[in-house]
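Results of the structural survey
Spelled out, the chains give:
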Amino acid sequence: MAYEEIINGLNLKDTELRLGLPGTEEEEQQQLQEVSCVRSNKRQFHETTDEHNLKEESSPPAKTQIVGWPPVRSNRKNNNKNVSYMKVSMDGAPYLRKIDLKMYKNYSELLKALENMFKFTIGEYSEREGYKGSGFVPTYEDKDGDWMLVGDVPWDMFSSSCQKLRIMKRSEAPPAS
Amino acid sequence: KANQSPLYMTQDRTEMSEDDDDQSPPSDLRSEPPCSSSSSAVDSTPNKSRNCISSSGTMTASQPFPDHVLENVLENVLQFLDSRCDRNSASLVCKSWWKVEALTRSEVFIGNCYALSPARLTQRFKRVRSLVLKGKPRFADFNLMPPDWGANFAPWVSTMAKAYPWLEKVDLKRMFVTDDDLALLAESFPGFKELILVCCEGFGTSGIALVANKCRKLKVLDLIESEVTDDEIDWISCFPEDVTSLESLAFDCVEAPINFKALEGLVGRSPFLRKLRLNRFVSLEELHRLLLGAPQLTCLGTGSFSHDNGAHQSEPEPDYAAAFRACKSVVCLSGFRELMPEYLPAIFPVCANLTSLNFSYANISPDMFKPIIHNCHKLQVFWVCILLDLCLHDSEGPVSELGLQAISEGCRNLESILYFCQRMTNAAVIAMSENCPELTVFRLCIMGRHRPDHVTGKPMDEGFGAIVKNCKKLTRLAVSGLLTDQAFRYMGEYGKLIRTLSVAFAGDSDMALRHVLEGCPRLQKLEIRDSPFGDVALRCGMHRYYNMRFVWMSACSLSKSCCKDVARAMQNLVVEVIGSDDDDDNRDYVETLYMYRSLDGPRKDAPKFVTIL
């Protein structure tokens, strides 16, 4: 909602002198807010008034920010930092799916999960020829925005750079180089 | 008994108020009917003189009609019974009435998805066309509970897919809904007409696209305050290409750009469209174009209410006021997501007809809304949040209470208000209690915790006391500011119709909660946080908990042993203890208590952080 900024004590930003790059404070506030959301449910009964707290920039925000107050629905997406959902699309499938890459330890687990999810078979992988034996080719977009074949790089490298997955129809996929 | 106001029929009512018009104790959804015709009926219904045709032997030999004919007659009569509480009463008359009522109930309301299992629903009611289902407790909205607590729609949709192929309407609140669930819904119910998702999450625009595309008879698609993942799908283009049956389309909560051209086309081929709520990716200019094409709208969410960033400055500015003036039927207005205040006067032409005005997403001050309120004589529902109340010039004085005063003077028909502010006075609240006798919902959130009346320095007891005393129709109350036990004494004494009560950072002792539990016979939903209420208070409510939908108490002073006692004494109450470090089992302190009655025992899908006592 419009006023979350104000509640987080940032309305005095304009008059405040600070060192540091612009935007860093917000990030820090956000992180600390997450910490307070996840861990600190400790209520403080004898808080000083909020007005006073707003001015106390020096005290750690985790103490002065009360979880869930004021009672407005906030965007919860930011709180789920421990889960990394990856969009998976398949050519011809009606809608996108999401998976949590952290749930898989290697390629065979991932590919099996994809096969189950979209009800198809992937085929045999070989370094030279890519995937054979099915009409589909699993690809992914890496951090640089390039589309790569799933399986070409070691698993750890893949899982840390994969941004999204696309299971392409063989007819659409470029020939293996 | 139907409410005459047209507003009652809109989804806004569902969103804004949790009051369900249920005036009687809820029905016992036992799958076996009461075996004796008279005893249970007499216990539960006040009308003891009702003559009941029982199937257990009080009939004489000279009885003119066989059972099945009487049941047929009953079926034809009960068909017309709409009210939920009337149906609940009818079902308790006797076995035969129970059976026929179950056959003729087409709209089912389930206030807590964990009060019963989906199987119980489909076993009892065979011809359901419409389901209203509510899940998580409201305080979950404010991060007071870890995610993945439950309230999954999946078991419900899969059970209903088999049992109710003729299902037409699903209205969910605070449920976890996945794209798979929406896909199943779109495939399983060929006559599907209305999908309403309020405060839901777990799905994205891909699921919505499926519903838009496959539900060819769709009349209502309302996404209200839900979290919708952006799957980068042009879902607006997924509606069928021919004339649609759409009457209501709400997507103000969808945080993704939409294809405006497709939207314009959709609105153009939806002759029955009456309600349209746009998201913040629709600019003022685009709104203008839509309004010109759809002057028949009754309910409008304005979208951003600001310029496109790349707006053509050279063109003469559209006459926004004229566009609003042409919308003679608008009674409900919301949106203003990125409000440009200089354009606010454009809505003046519709003020006189407005029954509902939601400014809660707008960065707005009382100075801005006062002139508008002044013209809204018919207003029944008003939501606003006043951000900045700290005036630089003390001589002007703070304005929040003046804003409240203005509303109470301008809108004598006000029924429901949600007002966020930094500070308040008893005088302004008392004035509202006197000027607005029709109030059923009063939610005042003074954002500064424990804030007293800023003029007198006294607690806000008298203000809220006046509300419960003077607003005789009050069914929902949310309190804030500095409150002593006295405020709760007032609530217990005068709040006889209160069904929903929200308390935060209030009260001095157990007596406060005791006043409420002993004094408010209609209390159904009680949510309390950060207040000094403990075991003594909890025990005072034992006579009430089976007649309530739920009780939430977080960061209070409850002990685990007391909660265990309650759980032991009340077998049909599910007592959940949530959160706090679970490796520390010795700790007797309860961070969060959430308890509710259930016919099917504790749920089997509870996550690790929930302990069911």
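Conventions adopted
- Residues numbered from 1 in each chain as written.
- Chains lettered and ligands numbered in written order.
- Predicted model: local features only at pLDDT ≥ 70, side-chain atom pairs only at ≥ 80, totals over all residues.
- Heavy atoms only, no water.
- Salt bridge = Lys/Arg side-chain N within 4 Å of Asp/Glu carboxyl O.
- Helix = DSSP H or I, 4+ residues; strand = E, 2+ residues; numbered from the N terminus.
- pLDDT = per-residue confidence, 0-100.
- Contact = heavy atoms within 4.5 Å.
- Buried < 20%, exposed > 50% of the residue type's maximum accessible area, 1.4 Å probe, protein only.
- Core = buried A, V, L, I, M, F, W, Y, C linked by side-chain atoms within 4.5 Å.
- Expected span 1.5 Å × (residues − 1).
- Arc of directions from axis to C-beta.
- Polar contact = N/O pair within 3.5 Å; in protein donor to acceptor, adjacent residues only side chain to side chain.

1. Focus: the pattern of salt bridges
Taken as a whole and assessed by the stated rule, the structure comprises 30 salt bridges over all chains. For Glu232(B), the salt bridge identified is with Lys87(A), shortest N-O distance 3.3 Å. One end of the pair, Glu232(B), is in the loop between β7 (228-229) and β8 (248-250); the other, Lys87(A), is in strand β1 (residues 85-90), on a second chain. Several salt bridges converge on common partners, so that one network encompasses Arg87(B), Glu101(B), Arg105(B) and Arg124(B).

2. A short note on the confidence of the model for chain B
All names here are of chain B. Mean pLDDT over chain B works out to 87, with 85% of the residues at or above the 70 mark. A low-confidence stretch, residues 1-60 (pLDDT under 50), is modelled with 108 contacts involving residues beyond four sequence positions or located in other chains. Below a pLDDT of 50 lies the segment residues 390-398, which in the model reaches seven contacts outside its immediate sequence neighbourhood of four places, other chains included. What the predictor reports for the complex is a pTM of 0.76 with an ipTM of 0.75.

3. Regarding unusual backbone geometry
In this structure, the amide linkage connecting Trp69(A) to the following residue, Pro70(A), adopts the cis form with an omega of -5°. Of note in this structure, Cys199(B) is not a glycine but carries a positive phi near 55°. Residue position: Cys199(B) is located in the loop between β4 (194-198) and β5 (203-204). Even without a glycine there, the phi angle at Glu232(B) is positive, about 55°. Taking the relative accessible area as the measure of exposure, Glu232(B) reaches 55% and is therefore exposed.

4. Observations regarding the nonpolar core
Within the largest apolar cluster, 171 residues are counted, with the highest numbers of intra-cluster contacts made by Phe153(B), Trp235(B), Phe359(B), Phe382(B), Tyr419(B), Phe442(B) and Leu477(B). Non-local contacts of Tyr419(B), meaning those with residues more than four positions away in its chain, are made with Phe369(B), Val384(B), Ile386(B), Ser400(B), Gly403(B), Leu404(B), Ile407(B), Met424(B), Arg443(B), Leu444(B) and Cys445(B).

5. Overview of helix α3 (residues 67-78) of chain B
Residue and element names in this part refer to chain B. Across its 12 residues, α3 extends 16 Å between first and last C-alpha, which sits within 8% of the 16 Å expected from 1.5 Å per residue. Of all the residues in α3, the buried ones are Glu-71, Leu-74, Glu-75 and Leu-78. Along the long axis of α3, the arc covered by the buried residues comes to 105°, so they all point the same way. Buried residues along α3 sit against α4 (84-91) and α5 (95-104).

6. A closer look at the environment of Asp535(B)
Residues and elements named next belong to chain B. Turning to its location among the elements, Asp-535 is positioned in helix α20 (residues 535-539). Residues Asp-535 and Asp-510 lie 25 residues apart in sequence; the distance between their C-alpha atoms is 8.1 Å. Discounting residues that sit within four places of it in the chain, Asp-535 has contacts with Ser-557, Leu-558, Ser-559 and Cys-562. Of note is the side chain of Asp-535, whose polar atom sits 2.7 Å from the side chain of Ser-559.

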